[in-house]
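Chains, contacts and geometry: an overview
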Amino acid sequence: LQEDQTYDTLFEGDQLSRFPSSRQQFRIHGTGSFLNAAISAHFFSGEKLKICVEKAKNLLNRSVKHVDKDNPILSPHF
C-alpha cells in the first residue's frame, strides 16, 4: 500500500463503491470515529447509504486538511 491514494470500500448488496482519499504523510488519530459518526448522522436523517458515505468522506477529506501535524488529533474546526 505505497500508493498516493487510499480507498474506503462500501459493499451494498451487489454494488461495490470505492471512495478515494489522498494518503497523508503523518498519522491522524480519530479518522475512523469521525467517519463513522458522519455516516451515521447522514443515514439517520434519511439519506441513502452510498450518499451518506460520499458526504462523510468529503467532510473527512476537508477536515484532514486542517489537522495540526504536530498534534494530529482530528477535530472539525474549519
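Structure first, text after, so check above.
This report concerns the structure included in the present document. (Residues numbered from 1 in each chain as written. Predicted model: local features only at pLDDT ≥ 70, side-chain atom pairs only at ≥ 80, totals over all residues. Heavy atoms only, no water.)

1. Brief notes about the overall build of the protein chain
Secondary structure summary: the protein chain contains two helices and two strands in total. Going residue by residue from the N terminus, the α and β elements of the protein chain occur as β-β-α-α. Taken across its 78 residues, the protein chain has 24% of its residues classed as buried. Counting only carbon and sulfur atoms, one obtains 51% of the accessible surface of the protein chain, whose full area is about 5900 Å². (Helix = DSSP H or I, 4+ residues; strand = E, 2+ residues; numbered from the N terminus. Buried < 20%, exposed > 50% of the residue type's maximum accessible area, 1.4 Å probe, protein only. Areas by Shrake-Rupley, 256 points an atom, 1.4 Å probe, with all protein chains shown as cover.)

2. Some remarks on the nonpolar core
Counting 13 residues, the largest nonpolar core has Leu 35, Ile 39, Val 53, Ala 56 and Leu 60 as the members making the most contacts within it. Put simply, the parts of the chain that give this core at least two residues each are α1 (31-43) and α2 (49-64). Looking at this core element by element, the count peaks at five residues for α2. (Core = buried A, V, L, I, M, F, W, Y, C linked by side-chain atoms within 4.5 Å.)

3. Section: the pairing of strand β2 (residues 15-22)
On a regular strand, one side chain projects to one face of the sheet and the next to the other, so that they alternate. In the sheet, strand β1 (residues 5-12) pairs with β2 via eight bridges, with the strands oriented antiparallel. When the sheet's bridge partners are listed, Glu 12 is paired in β2 with Gln 15. Connecting the antiparallel pair β1 and β2 is a turn made up of two residues, with Gly 13 showing a positive phi of about 65°. (Pairing = 2+ DSSP bridges.)

4. Points about the environment of Phe 19
Relative to the helices and strands, Phe 19 resides in strand β2. Taking the relative accessible area as the measure of exposure, Phe 19 reaches 8% and is therefore buried. Taking C-alpha positions, Phe 19 is 6.3 Å from Thr 9, a pair spaced ten residues apart along the chain.

5. Let's talk about the packing of α1 against α2
Between α1 and α2, whose axes approach to 8 Å, the crossing angle comes to 140°. Taken together, the axes of α1 and α2 are oblique relative to one another. Handedness of the α1/α2 crossing: right-handed. In contact with Thr 31, Phe 34, Leu 35, Ala 38, Ile 39, His 42 and Phe 43 of α1, α2 contributes Leu 49, Cys 52, Val 53, Lys 55, Ala 56, Lys 57, Leu 59, Leu 60 and Ser 63. (Axes fitted to C-alpha atoms, helices over the stretch in contact; angles between N-to-C directions. Parallel < 35°, antiparallel > 145°, perpendicular 65-115°, else oblique. Left-handed = near helix turned anticlockwise from the far one by under 90°. Contact = heavy atoms within 4.5 Å.)

By themselves, these are just geometric observations and shouldn't be taken as functional.
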